[in-house]
Amino acid sequence: MSKRILSCMQPTNRLHLGNYLGALRNWVKLQDEGDNQCLYGVVDLHAITAGHDPAELGQATREIAAAYIAAGVDPAKSYIFVQSAVPAHAQLQWLFATQTPLGWLKRMTQFKDKAGKKQDLASLGLFGYPVLMAADILVYKATHVPVGDDQKQHLELTRDIAQSFNQHYCDGEEFFPLPEPVITGPATRVMSLRDGTAKMSKSADSDMTRINLTDDADTIAQKIRKAKTDPEPLPESVKDLESRAEADNLIGIYAALSDQNKETVLQQFGGKQFSDFKPALADLCVEKLAPITARMRELMNDPAELDSILKRGNDKANELAAPTIEETMRKLGFWS
Ligand code: TYM
(Lines give C-alpha, C1' and ligand atoms only; values in the text may rest on other atoms or scores of the structure.)
Protein backbone atom coordinates (compact mmCIF):
# COMPACT_ATOMS: atom_id res chain seq x y z
CA MET A 1 0.00 0.00 0.00
CA SER A 2 1.35 3.44 -0.82
CA LYS A 3 2.10 5.68 2.12
CA ARG A 4 0.78 9.18 2.52
CA ILE A 5 3.53 11.33 3.98
CA LEU A 6 2.80 14.69 5.60
CA SER A 7 5.08 17.07 7.41
CA CYS A 8 5.36 20.80 8.02
CA MET A 9 7.54 23.60 9.33
CA GLN A 10 6.70 26.98 10.77
CA PRO A 11 7.74 30.16 8.97
CA THR A 12 9.29 31.63 12.08
CA ASN A 13 12.87 32.85 11.63
CA ARG A 14 15.38 31.01 9.49
CA LEU A 15 15.65 27.26 9.13
CA HIS A 16 18.70 25.72 10.79
CA LEU A 17 20.76 22.58 10.63
CA GLY A 18 18.45 20.84 13.14
CA ASN A 19 15.43 21.37 10.87
CA TYR A 20 17.44 20.06 7.93
CA LEU A 21 19.01 16.98 9.52
CA GLY A 22 16.12 16.10 11.82
CA ALA A 23 13.35 16.47 9.27
CA LEU A 24 13.87 17.96 5.81
CA ARG A 25 16.48 15.45 4.62
CA ASN A 26 14.15 12.61 5.54
CA TRP A 27 11.33 14.26 3.60
CA VAL A 28 13.46 14.07 0.47
CA LYS A 29 14.34 10.41 1.09
CA LEU A 30 10.67 9.52 1.56
CA GLN A 31 9.69 11.37 -1.59
CA ASP A 32 12.10 9.24 -3.59
CA GLU A 33 10.96 5.92 -2.06
CA GLY A 34 8.30 3.67 -3.64
CA ASP A 35 5.05 5.31 -4.66
CA ASN A 36 4.66 7.50 -1.58
CA GLN A 37 2.39 10.50 -1.90
CA CYS A 38 4.06 13.41 -0.11
CA LEU A 39 2.59 16.67 1.13
CA TYR A 40 4.79 19.26 2.76
CA GLY A 41 3.23 22.31 4.35
CA VAL A 42 4.36 25.73 5.51
CA VAL A 43 2.33 26.18 8.67
CA ASP A 44 1.77 29.92 8.89
CA LEU A 45 -1.25 29.60 11.20
CA HIS A 46 1.10 28.04 13.75
CA ALA A 47 3.57 30.86 13.24
CA ILE A 48 1.21 33.50 14.66
CA THR A 49 0.64 31.76 18.01
CA ALA A 50 3.48 33.47 19.87
CA GLY A 51 3.81 36.95 18.37
CA HIS A 52 4.95 37.65 14.83
CA ASP A 53 5.69 40.53 12.48
CA PRO A 54 2.94 40.91 9.83
CA ALA A 55 5.45 42.64 7.54
CA GLU A 56 7.55 39.47 7.42
CA LEU A 57 5.11 36.55 7.48
CA GLY A 58 4.43 36.35 3.74
CA GLN A 59 8.10 36.50 2.80
CA ALA A 60 9.04 34.01 5.52
CA THR A 61 6.44 31.63 4.09
CA ARG A 62 8.03 31.84 0.64
CA GLU A 63 11.48 31.40 2.14
CA ILE A 64 10.50 28.14 3.86
CA ALA A 65 9.02 26.84 0.61
CA ALA A 66 12.26 27.82 -1.15
CA ALA A 67 14.26 25.92 1.49
CA TYR A 68 12.18 22.78 0.93
CA ILE A 69 12.87 22.88 -2.80
CA ALA A 70 16.52 23.83 -2.41
CA ALA A 71 17.01 20.88 -0.04
CA GLY A 72 15.60 18.48 -2.63
CA VAL A 73 11.81 18.42 -2.30
CA ASP A 74 10.74 18.16 -5.93
CA PRO A 75 7.51 20.06 -6.69
CA ALA A 76 6.89 17.69 -9.58
CA LYS A 77 6.76 14.72 -7.18
CA SER A 78 5.56 16.26 -3.90
CA TYR A 79 2.97 18.90 -3.09
CA ILE A 80 4.11 22.00 -1.20
CA PHE A 81 1.25 23.99 0.29
CA VAL A 82 0.55 26.87 2.67
CA GLN A 83 -1.60 25.98 5.68
CA SER A 84 -3.64 29.22 5.69
CA ALA A 85 -4.63 28.61 2.04
CA VAL A 86 -6.39 25.39 3.05
CA PRO A 87 -9.26 26.36 5.35
CA ALA A 88 -9.93 22.72 6.26
CA HIS A 89 -7.01 22.79 8.72
CA ALA A 90 -8.66 25.41 10.92
CA GLN A 91 -12.09 23.81 10.52
CA LEU A 92 -10.89 20.39 11.62
CA GLN A 93 -8.95 21.97 14.46
CA TRP A 94 -12.17 23.37 15.89
CA LEU A 95 -13.95 20.04 15.60
CA PHE A 96 -11.05 18.32 17.37
CA ALA A 97 -10.73 21.09 19.98
CA THR A 98 -14.22 20.31 21.19
CA GLN A 99 -13.26 16.66 21.65
CA THR A 100 -9.86 17.07 23.32
CA PRO A 101 -9.66 17.14 27.13
CA LEU A 102 -7.64 20.01 28.60
CA GLY A 103 -5.68 17.46 30.61
CA TRP A 104 -4.13 16.07 27.43
CA LEU A 105 -2.91 19.52 26.41
CA LYS A 106 -1.62 20.39 29.87
CA ARG A 107 0.88 17.54 29.55
CA MET A 108 2.53 19.01 26.44
CA THR A 109 6.12 19.91 27.34
CA GLN A 110 6.58 22.21 24.36
CA PHE A 111 3.81 24.52 25.59
CA LYS A 112 5.45 24.63 29.01
CA ASP A 113 8.83 25.44 27.41
CA LYS A 114 7.43 28.11 25.12
CA ALA A 115 5.10 29.78 27.62
CA GLY A 116 7.69 29.64 30.41
CA LYS A 117 6.61 31.13 33.72
CA LYS A 118 4.02 33.38 32.06
CA GLN A 119 1.46 30.74 31.10
CA ASP A 120 -1.50 33.04 31.77
CA LEU A 121 -0.18 35.48 29.18
CA ALA A 122 0.29 32.81 26.51
CA SER A 123 -2.40 32.73 23.84
CA LEU A 124 -5.16 30.15 23.56
CA GLY A 125 -3.67 29.45 20.13
CA LEU A 126 -0.32 28.49 21.62
CA PHE A 127 -2.03 26.18 24.10
CA GLY A 128 -4.16 24.61 21.37
CA TYR A 129 -1.24 24.41 18.91
CA PRO A 130 -0.97 20.59 19.11
CA VAL A 131 -4.64 20.25 18.17
CA LEU A 132 -4.04 22.27 15.00
CA MET A 133 -1.06 20.02 14.32
CA ALA A 134 -3.29 16.94 14.70
CA ALA A 135 -5.69 18.54 12.21
CA ASP A 136 -2.80 19.19 9.78
CA ILE A 137 -2.00 15.50 9.76
CA LEU A 138 -5.43 13.91 9.99
CA VAL A 139 -7.15 16.15 7.46
CA TYR A 140 -5.09 14.29 4.83
CA LYS A 141 -5.39 10.94 6.63
CA ALA A 142 -1.59 10.83 6.53
CA THR A 143 0.01 7.52 7.45
CA HIS A 144 3.60 8.69 8.12
CA VAL A 145 4.99 11.91 9.57
CA PRO A 146 8.75 12.55 9.31
CA VAL A 147 9.83 14.89 12.12
CA GLY A 148 12.60 15.55 14.63
CA ASP A 149 12.53 13.99 18.07
CA ASP A 150 10.96 17.08 19.69
CA GLN A 151 7.64 16.41 17.91
CA LYS A 152 7.18 12.91 19.33
CA GLN A 153 4.76 13.99 22.05
CA HIS A 154 2.64 15.94 19.56
CA LEU A 155 2.44 12.85 17.36
CA GLU A 156 1.28 10.78 20.33
CA LEU A 157 -1.45 13.34 20.99
CA THR A 158 -2.46 13.17 17.31
CA ARG A 159 -2.82 9.40 17.59
CA ASP A 160 -4.89 9.79 20.78
CA ILE A 161 -7.21 12.29 19.07
CA ALA A 162 -7.61 10.00 16.04
CA GLN A 163 -8.25 6.94 18.16
CA SER A 164 -10.76 8.69 20.38
CA PHE A 165 -12.67 10.01 17.33
CA ASN A 166 -12.69 6.57 15.72
CA GLN A 167 -14.02 5.01 18.91
CA HIS A 168 -16.70 7.59 19.67
CA TYR A 169 -18.02 8.39 16.22
CA CYS A 170 -17.03 5.58 13.87
CA ASP A 171 -17.85 2.41 15.84
CA GLY A 172 -14.12 1.71 16.10
CA GLU A 173 -13.63 1.72 12.32
CA GLU A 174 -10.26 3.28 11.40
CA PHE A 175 -11.73 6.43 9.86
CA PHE A 176 -8.60 8.37 10.81
CA PRO A 177 -5.48 6.20 10.41
CA LEU A 178 -3.12 6.37 13.40
CA PRO A 179 -0.11 8.16 11.88
CA GLU A 180 3.38 6.74 12.43
CA PRO A 181 6.13 9.17 13.40
CA VAL A 182 9.24 8.74 11.25
CA ILE A 183 12.15 9.85 13.47
CA THR A 184 15.34 8.45 11.99
CA GLY A 185 19.05 9.08 11.44
CA PRO A 186 21.95 10.05 13.69
CA ALA A 187 20.67 13.63 14.18
CA THR A 188 17.03 13.45 15.28
CA ARG A 189 17.82 15.98 17.99
CA VAL A 190 20.55 18.43 17.02
CA MET A 191 21.75 20.37 20.02
CA SER A 192 22.91 23.97 20.47
CA LEU A 193 26.54 24.62 19.53
CA ARG A 194 26.96 26.43 22.84
CA ASP A 195 25.21 24.00 25.18
CA GLY A 196 24.97 20.28 24.52
CA THR A 197 21.94 19.98 26.79
CA ALA A 198 19.74 22.50 24.89
CA LYS A 199 18.10 21.86 21.53
CA MET A 200 19.33 23.85 18.52
CA SER A 201 16.43 26.23 18.03
CA LYS A 202 15.24 29.11 15.86
CA SER A 203 14.27 31.12 18.90
CA ALA A 204 17.50 30.92 20.96
CA ASP A 205 18.83 34.44 21.59
CA SER A 206 22.33 33.88 20.27
CA ASP A 207 22.82 33.14 16.59
CA MET A 208 26.09 31.38 17.52
CA THR A 209 24.05 28.47 18.92
CA ARG A 210 22.84 27.38 15.47
CA ILE A 211 23.87 27.03 11.85
CA ASN A 212 21.27 28.60 9.59
CA LEU A 213 20.66 27.26 6.10
CA THR A 214 21.43 30.77 4.86
CA ASP A 215 24.81 31.16 6.64
CA ASP A 216 27.84 31.72 4.42
CA ALA A 217 31.01 29.62 4.58
CA ASP A 218 32.91 31.99 6.89
CA THR A 219 30.03 32.21 9.36
CA ILE A 220 29.67 28.42 9.45
CA ALA A 221 33.41 27.96 10.03
CA GLN A 222 33.41 30.57 12.79
CA LYS A 223 30.40 29.05 14.56
CA ILE A 224 31.97 25.58 14.50
CA ARG A 225 35.34 26.89 15.64
CA LYS A 226 33.66 28.53 18.61
CA ALA A 227 31.37 25.59 19.41
CA LYS A 228 31.64 24.41 22.99
CA THR A 229 33.68 21.23 23.51
CA ASP A 230 35.59 19.54 26.34
CA PRO A 231 39.36 19.18 26.73
CA GLU A 232 39.56 15.42 25.99
CA PRO A 233 40.39 13.96 22.57
CA LEU A 234 37.50 12.32 20.72
CA PRO A 235 36.73 8.81 21.98
CA GLU A 236 37.09 5.58 20.00
CA SER A 237 33.59 4.26 20.78
CA VAL A 238 30.04 5.61 20.73
CA LYS A 239 29.51 4.41 24.30
CA ASP A 240 32.13 6.91 25.48
CA LEU A 241 30.15 9.78 23.92
CA GLU A 242 27.33 9.24 26.39
CA SER A 243 28.64 11.57 29.07
CA ARG A 244 29.99 14.12 26.55
CA ALA A 245 26.97 15.94 25.17
CA GLU A 246 28.85 18.46 23.01
CA ALA A 247 31.17 15.87 21.44
CA ASP A 248 28.20 13.58 20.83
CA ASN A 249 26.33 16.39 19.09
CA LEU A 250 29.20 17.32 16.75
CA ILE A 251 29.86 13.67 15.87
CA GLY A 252 26.14 13.20 15.21
CA ILE A 253 26.11 16.21 12.86
CA TYR A 254 29.16 14.89 10.99
CA ALA A 255 27.60 11.42 10.73
CA ALA A 256 24.31 12.76 9.38
CA LEU A 257 25.94 15.10 6.87
CA SER A 258 28.25 12.37 5.56
CA ASP A 259 25.55 9.67 5.55
CA GLN A 260 27.47 7.46 7.96
CA ASN A 261 26.78 6.27 11.47
CA LYS A 262 28.63 7.60 14.52
CA GLU A 263 30.76 4.41 14.82
CA THR A 264 32.24 4.96 11.38
CA VAL A 265 32.95 8.63 12.11
CA LEU A 266 34.74 7.66 15.31
CA GLN A 267 36.85 5.10 13.41
CA GLN A 268 38.17 8.09 11.48
CA PHE A 269 38.41 10.68 14.27
CA GLY A 270 38.70 8.64 17.51
CA GLY A 271 41.80 9.77 19.46
CA LYS A 272 42.05 13.05 17.52
CA GLN A 273 41.74 16.51 19.06
CA PHE A 274 38.79 18.85 18.39
CA SER A 275 41.29 21.15 16.67
CA ASP A 276 41.64 18.45 13.99
CA PHE A 277 37.97 17.51 13.88
CA LYS A 278 36.36 20.96 13.79
CA PRO A 279 37.88 22.11 10.45
CA ALA A 280 36.78 18.83 8.85
CA LEU A 281 33.27 19.33 10.20
CA ALA A 282 33.19 22.95 8.98
CA ASP A 283 34.31 21.88 5.48
CA LEU A 284 31.66 19.18 5.36
CA CYS A 285 28.93 21.60 6.50
CA VAL A 286 29.90 24.13 3.87
CA GLU A 287 30.11 21.46 1.16
CA LYS A 288 26.59 20.22 1.96
CA LEU A 289 24.88 23.53 2.73
CA ALA A 290 26.40 25.87 0.12
CA PRO A 291 24.42 24.40 -2.81
CA ILE A 292 21.20 24.62 -0.77
CA THR A 293 21.86 28.25 0.14
CA ALA A 294 22.65 29.14 -3.47
CA ARG A 295 19.51 27.44 -4.79
CA MET A 296 17.40 29.16 -2.11
CA ARG A 297 18.69 32.54 -3.27
CA GLU A 298 17.81 31.76 -6.88
CA LEU A 299 14.31 30.70 -5.91
CA MET A 300 13.76 33.76 -3.74
CA ASN A 301 14.60 35.89 -6.76
CA ASP A 302 11.70 34.34 -8.64
CA PRO A 303 8.67 34.79 -6.37
CA ALA A 304 6.24 34.24 -9.26
CA GLU A 305 7.64 30.75 -9.84
CA LEU A 306 7.47 29.97 -6.12
CA ASP A 307 3.89 31.21 -5.92
CA SER A 308 2.86 29.04 -8.83
CA ILE A 309 4.38 25.97 -7.13
CA LEU A 310 2.49 26.85 -3.95
CA LYS A 311 -0.76 27.40 -5.87
CA ARG A 312 -0.52 23.91 -7.35
CA GLY A 313 0.14 22.49 -3.87
CA ASN A 314 -2.70 24.48 -2.31
CA ASP A 315 -5.16 23.28 -4.96
CA LYS A 316 -4.23 19.65 -4.39
CA ALA A 317 -4.29 20.05 -0.60
CA ASN A 318 -7.77 21.60 -0.75
CA GLU A 319 -8.97 18.80 -3.00
CA LEU A 320 -7.69 16.11 -0.61
CA ALA A 321 -8.84 17.83 2.59
CA ALA A 322 -12.40 18.79 1.63
CA PRO A 323 -13.90 15.27 1.76
CA THR A 324 -12.38 14.66 5.21
CA ILE A 325 -14.18 17.71 6.59
CA GLU A 326 -17.43 16.67 4.99
CA GLU A 327 -17.21 13.11 6.35
CA THR A 328 -16.05 14.24 9.80
CA MET A 329 -19.02 16.63 10.08
CA ARG A 330 -21.37 13.87 8.99
CA LYS A 331 -19.94 11.54 11.64
CA LEU A 332 -20.48 14.27 14.24
CA GLY A 333 -24.12 14.53 13.17
CA PHE A 334 -24.20 18.02 11.65
CA TRP A 335 -27.19 19.07 9.59
CA SER A 336 -26.63 18.29 5.94
P1 TYM B 1 9.32 23.39 13.67
O2 TYM B 1 8.98 24.39 12.63
O3 TYM B 1 9.75 23.87 15.03
O4 TYM B 1 10.46 22.43 13.17
C5 TYM B 1 10.38 21.81 11.90
C6 TYM B 1 10.97 20.41 11.95
O7 TYM B 1 12.34 20.45 12.38
C8 TYM B 1 12.53 19.54 13.46
N9 TYM B 1 13.52 20.11 14.38
C10 TYM B 1 14.63 19.49 14.78
N11 TYM B 1 15.13 18.27 14.49
C12 TYM B 1 16.33 17.93 15.04
N13 TYM B 1 17.03 18.77 15.88
C14 TYM B 1 16.56 19.99 16.20
N15 TYM B 1 17.25 20.79 16.99
C16 TYM B 1 15.30 20.40 15.64
N17 TYM B 1 14.56 21.53 15.74
C18 TYM B 1 13.47 21.33 14.97
C19 TYM B 1 11.17 19.44 14.12
O20 TYM B 1 11.05 18.24 14.86
C21 TYM B 1 10.25 19.48 12.94
O22 TYM B 1 10.13 18.20 12.35
N23 TYM B 1 4.98 21.62 15.31
C24 TYM B 1 5.92 21.58 14.23
C25 TYM B 1 5.35 22.01 12.90
C26 TYM B 1 4.12 21.27 12.47
C27 TYM B 1 4.05 19.95 11.99
C28 TYM B 1 2.67 19.74 11.66
C29 TYM B 1 5.00 18.95 11.80
C30 TYM B 1 2.86 21.80 12.44
N31 TYM B 1 1.98 20.88 11.93
C32 TYM B 1 2.25 18.52 11.14
C33 TYM B 1 4.55 17.73 11.28
C34 TYM B 1 3.19 17.52 10.95
C35 TYM B 1 7.06 22.52 14.55
O36 TYM B 1 6.94 23.42 15.33
O37 TYM B 1 8.14 22.33 13.81
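Quick note: structure is the one above.
Residues numbered from 1 in each chain as written. Predicted model: local features only at pLDDT ≥ 70, side-chain atom pairs only at ≥ 80, totals over all residues. Heavy atoms only, no water.

What about the overall build of the protein chain?
Right, on to step 1. From N to C terminus, the protein chain includes 13 helices and five strands.
Right, on to step 2. Taking 20 Å as the expected radius of gyration for a compact globule of 336 residues, we find that the protein chain reaches 21 Å, a close match to that expectation.
Right, on to step 3. Reported as C-alpha extents along the three principal axes, the dimensions of the protein chain are approximately 70 × 45 × 45 Å.
Right, on to step 4. The burial tally for the protein chain puts 50% of its 336 residues in the buried class.
Right, on to step 5. Counting contacts in the protein chain only where the partners sit at least 6 residues apart, residues at least 24 apart contribute 76% of the total.
Right, on to step 6. Each charge sign in the protein chain was given a centre, from 38 positive and 45 negative side chains, and these centres are 2 Å apart. (Helix = DSSP H or I, 4+ residues; strand = E, 2+ residues; numbered from the N terminus. Rg over C-alpha atoms; globule rule 2.2 N^0.38 Å. Buried < 20%, exposed > 50% of the residue type's maximum accessible area, 1.4 Å probe, protein only. Contact = heavy atoms within 4.5 Å. Lys, Arg positive; Asp, Glu negative; His and termini not counted. Charge placed at Lys NZ, Arg CZ, Asp CG, Glu CD.)

A few points about unusual backbone geometry
Right, on to step 1. The backbone phi angle of Lys-141 is positive, close to 50 degrees, even though this residue is not glycine.
Right, on to step 2. With respect to the element layout, Lys-141 can be found in the loop between α7 (124–138) and β4 (144–146).
Right, on to step 3. Positioned with a positive phi, Asp-259 is a non-glycine residue whose angle comes to about 55 degrees.
Right, on to step 4. Residue position: Asp-259 is located in the loop between α10 (245–257) and α11 (262–269).
Right, on to step 5. We classify Asp-259 as exposed; its relative accessible area is 54%.

Some details on the site of the ligand
Right, on to step 1. Around the ligand, the surrounding shell holds 28 residues, and the nearest of these are Tyr-129, Asp-136, Gly-148, Asp-150 and Val-190.
Right, on to step 2. One of the side-chain N or O atoms of Asp-136 is found 2.6 Å from a nitrogen atom in the ligand.
Right, on to step 3. Take Met-200: an N or O atom from its main chain is 3.0 Å from a nitrogen atom of the ligand.
Right, on to step 4. Notes on the ligand: free accessible area 710 Å², of which the protein chains cover 96%.
Right, on to step 5. Elements represented by at least two residues in the shell around the ligand include exactly β1 (4–9), α1 (17–31) and α7. (Near = heavy atom within 4 Å. Polar contact = N/O pair within 3.5 Å; in protein donor to acceptor, adjacent residues only side chain to side chain. Areas by Shrake-Rupley, 256 points an atom, 1.4 Å probe, with all protein chains shown as cover.)

What about the nonpolar core?
Right, on to step 1. Formed by 62 residues in total, the largest nonpolar core has its most connected members in Leu-17, Tyr-20, Leu-21, Leu-24, Tyr-68 and Phe-277.
Right, on to step 2. If you tally residues by element for this core, the top one is helix α12 (residues 274–300), at 11 residues.
Right, on to step 3. A domain split of this core shows at least three residues from each of domain 1 (4–182 + 302–332) and domain 2 (207–298).
Right, on to step 4. Grouped together as the second largest cluster of nonpolar side chains are 38 residues, Leu-6, Leu-39, Phe-111 and Phe-127 included. (Core = buried A, V, L, I, M, F, W, Y, C linked by side-chain atoms within 4.5 Å. Domains from an automatic or database assignment.)

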